[in-house]
Amino acid sequence: MTETRVLPLRMTVLPGEGLDSWLEALGRRNGLTFSAFLRVLGLPRNYLTRSLVCDLPATVLRELEIRTGLPAGRLDSAVIDSDFPFSPRRQRRCRFCPQCLTEREGRWLLKWWLPWTFACTTHQALLHDTCPGCGEGARVRFPGHTLRFPAGTCTLGSRIASVCGADLNSAELLPLASDHPLLTAQHRVDSLLADPSTACTVLTDLNQCTPWLMHTINDNDIQSMGQTVRDRWHRRPLATRTPADRVKPLSAAVNGVIAHAALPFLDTSNDSVAIRVVHGLRARRDTPNKVISRGMTTEQWSQLSPGTQRRFLHAGDQTMGALDRIRFSSSTPRARVPKPSEHSGNTRIRHVPPALWPGWTVRLMPREGTKETLFRGIAAALLLLPGEPVLRARGVTNRLGPHLPNAMTVTLQRALKSGHPDVLTALCNLAHHLDDHGSPIDYERRRRLIPAIPISPTSGANSVSAPAASPVNSSAPRPPRPPATSTRSATSTSSSPAPTSPTHATPSSCDRHPTAPGTSPSHPP
């Protein structure tokens, strides 16, 4: 087993310095070019400088610490954590502040690689994205000719004659006022980075909201940010991805404007403030009856955190369709997007009667335009809708009663237009109450024992007085359909008081009269 060789000449890692910058300085100290020094250390050479700060495994870092005489774990602070939410705003170039480069003698900060670091709070300036000499991104490829050019020089170019050679230390400073919105946003981002768990959630949501905000922010939002920021914002790419599905790099000014607009609703614990901000942004471009904001894809929407999705649902509650408002419970504190495998209605159906309880019917039924029997049946079916991952109105009504017409949307619209704006909230809260507390009656058992088929006055008497414990023979032929004037649905009587037949005089423990929300125990629904 060979012994690991330790470098004779060493250098310390400066506070906040990136691994790429330290390796370049250490190579200069040992009289080696950057690529030759990486070869000596056995580090991978794929010519992208970014790979040195975000792709190296921990075993390589530990080996590097031994060879350079550093304490174990010292280089962990010189690389970006593998869990950091780079995607999809991962960039190949490194931003820089020329004043910081001068003061640090050409040593680069690690945070300049982060897409949401766009301003220098020390010198109150906007960061540079490209070299002022060649216009290309800084440090995209490994620094070349490091023994011929001083630190802080753009060495882009394969040959000496074609090297840019621009001094990045002398690049023009892009000053920002001390109260500039971008500096305020940068301070908030820096505070987030001090708490990795919070930063991961907020910055991931910020990544997903970027395309939507790029089309939602208007000129009035950036009017007070100065000419430099306005010029760079107007030159932003309209599409965030190339035809090859690669993410287009955004300038520091564009990232700063987006962060300034997004952090008030992403980095706050005040839901009311966040919802108000999102509502103002959604109102600019939203299309009626749409759940997802215009400019945001389904994939981006699905990757938002549950808390941010809830705020978007609250903000768009008045513009979404009536059935979607119930399905997502967008008007209640429990607003959320159901998981694809979730079917809350399958469990809740045991506690839902065939027709809405009379006490709640009086409260929610429109004054005119709807029959009471129809409203009670549709309203009961609507109690199955909250938490449904896919909107299938016919599938919901069929589970409760195949005789119900597919009139959910019409019934809700009539209720809303007749002065019942809170009917959606009431239905959602009733469904949540049943999820939490259930119902004294197992209505699903009743539906199994009393089939929802038309019965005649003569055959109905035999059907109702049949022993409750006897299961219905599904193979037996159904009675002939009676004339419309003499038929009635058994489900319309299932919500009335139990018959006085001796077989129903003593209900079982799972088939007692319910104490429905809003009714008295002495008056069963």
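This text follows the structure it describes.
Note that this is a predicted model, so its numbers are computed, not measured.

Draft legend 1. Representation of the environment of Ile292 in the model. Mapping Ile292 onto the fold places it in the loop between helix H10 (271-285) and helix H11 (298-302). Along the sequence, Ile292 and Leu313 sit 21 residues apart, while their C-alpha atoms lie 8.6 Å from each other. Apart from the residues within four sequence positions on either side, Ile292 is in contact with Arg282, Thr297, Thr298 and Trp301.

Draft legend 2. Region of interest: the nonpolar core. In this structure, Ile80, Trp112, Ile258 and Phe265 are the most contacted members of the largest nonpolar core, which totals 74 residues. The element best represented in this core is helix H9 (residues 252-266), accounting for eleven residues. Once residues lying within four places of it in the same chain are set aside, the contact partners of Trp112 are Gln91, Cys94, Arg95, Phe96, Cys97, Cys100, Leu101, Thr117 and Leu127. Core analysis: the second largest hydrophobic core is formed by 35 residues, Ala379, Ala426, Cys428 and Ile441 among them.

Draft legend 3. A look at the environment of Arg232. Looking at where Arg232 falls in the secondary structure, it is placed in helix H8 (residues 227-234). Take Arg232: its relative accessible area is 24%, and that puts it in the partly exposed class. Sequence separation of Arg232 and Ala252 is 20 residues, and the distance between their C-alpha atoms is 8.6 Å. Dropping the residues within four chain positions of it, Arg232 is found in contact with Leu126, Leu174, Ser251, Ala253 and Val254.

Draft legend 4. Representation of the side chain of Thr216 within the structure. You can see Thr216 is positioned in helix H7 (residues 196-216). According to the relative accessible area criterion, Thr216 is buried, its value standing at 4%. Those residues within four positions of Thr216 in sequence are excluded, and the remaining contacts are Leu281, Arg284 and Arg285.

Draft legend 5. The packing of aromatic side chains, seen in detail. Considering all chains together, one arrives at eight aromatic pairs under this definition. Each ring, one from Phe96 and one from Trp108, has its centre 5.7 Å from the other, and the planes form 65°; the classification is edge-to-face. You can see Phe96 sitting in the loop between helix H4 (58-68) and helix H5 (98-103) and its partner Trp108 sitting in the loop between H5 and strand E1 (119-120), a full twelve residues away along the chain. Given a relative accessible area of 0%, Phe96 falls into the buried group.

Draft legend 6. A look at the side chain of Asn255. Locating Asn255 in the fold gives a position in helix H9. For Asn255, a relative accessible area of 2% gives the class buried. One polar contact links Asn255 to Arg95, side chain to side chain, over a distance of 2.6 Å.

Draft legend 7. Inspection of unusual backbone geometry at higher detail. The phi dihedral of Arg139 is positive, around 60°, even though this residue is not glycine. Secondary-structure assignment places Arg139 in the loop between strand E2 (125-126) and strand E3 (174-175). Residue Arg139 is classed as buried on the basis of its relative accessible area, which comes to 11%. The phi torsion at His145 lies on the positive side, around 55°, for a residue other than glycine. Mapped onto the fold, His145 is located in the loop between E2 and E3. A residue is classified by how much of its surface remains accessible, and His145, at 22% relative accessible area, is partly exposed.

Draft legend 8. Here's a closer look at the sheet that holds E3. Taken together, three strands build an open sheet; the order of strands is E1-E2-E3 and the sheet is antiparallel. Where the open sheet ends on each side, the last strands, each with one partner, are E1 and E3. Here E2 pairs with E3 via two bridges, running antiparallel. Of the residues in E3, the one forming a bridge with Ala125 is Pro175.

Draft legend 9. Structural context of H9. Helix length check: H9, at 15 residues, gives a terminal C-alpha distance of 20 Å against a target of 21 Å (1.5 Å per residue), a fit within 8%. If you look at H9, its biggest bend is around 30°, right at His260, and the proline Pro264 turns up within four residues after that.

Draft legend 10. Seen up close, the pattern of salt bridges. Tallied over the entire structure, the rule returns 19 salt bridges. Residues Arg336 and Glu342 are paired through a salt bridge, measuring 2.5 Å at the closest nitrogen-oxygen approach. Using a relative accessible area of 37% as the deciding quantity, one classes Arg336 as partly exposed. Judged by relative accessible area, Glu342 falls into the buried class, the value being 19%. Across the salt bridge formed by Arg348 and Asp435, the nearest N and O atoms sit 2.9 Å from each other. Taken together, the residues span a long stretch of sequence, with Arg348 in helix H14 (residues 344-348) and Asp435 in helix H19 (residues 423-437) at a distance of 87 residues. The buried category is assigned to Arg348, whose relative accessible area is 2%. In this structure Asp435 comes out as partly exposed when scored by relative accessible area, which is 37%. Via salt bridges that share partners, Asp20, Glu24, Arg28 and Arg139 belong to a single interconnected network.

Draft legend 11. Structural view of the packing of H7 against H10. Interaxial distance between H7 and H10 falls to 10 Å at its minimum, and their mutual angle equals 65°. For the pair H7 and H10, the crossing hand works out as left-handed. When H7 is examined against H10, the residues Trp212, Leu213, His215 and Thr216 are found in contact with a partner set consisting of Leu281, Arg282, Arg284 and Arg285. Looking at the contact of H7 with H10, its residues break down into three nonpolar, two polar and three charged.

What counts and what doesn't
- Residues numbered from 1 in each chain as written.
- Predicted model: local features only at pLDDT ≥ 70, side-chain atom pairs only at ≥ 80, totals over all residues.
- Heavy atoms only, no water.
- Helix = DSSP H or I, 4+ residues; strand = E, 2+ residues; numbered from the N terminus.
- Contact = heavy atoms within 4.5 Å.
- Core = buried A, V, L, I, M, F, W, Y, C linked by side-chain atoms within 4.5 Å.
- Buried < 20%, exposed > 50% of the residue type's maximum accessible area, 1.4 Å probe, protein only.
- Phe/Tyr/Trp six-rings, centres within 6.5 Å; stacked < 30°, edge-to-face > 60°.
- Polar contact = N/O pair within 3.5 Å; in protein donor to acceptor, adjacent residues only side chain to side chain.
- Pairing = 2+ DSSP bridges.
- Expected span 1.5 Å × (residues − 1).
- Bend = angle between axes of the 7 residues up to and from the residue.
- Salt bridge = Lys/Arg side-chain N within 4 Å of Asp/Glu carboxyl O.
- Axes fitted to C-alpha atoms, helices over the stretch in contact; angles between N-to-C directions.
- Left-handed = near helix turned anticlockwise from the far one by under 90°.
- Nonpolar A, V, L, I, M, F, W, Y, C, P; charged D, E, K, R; others polar.

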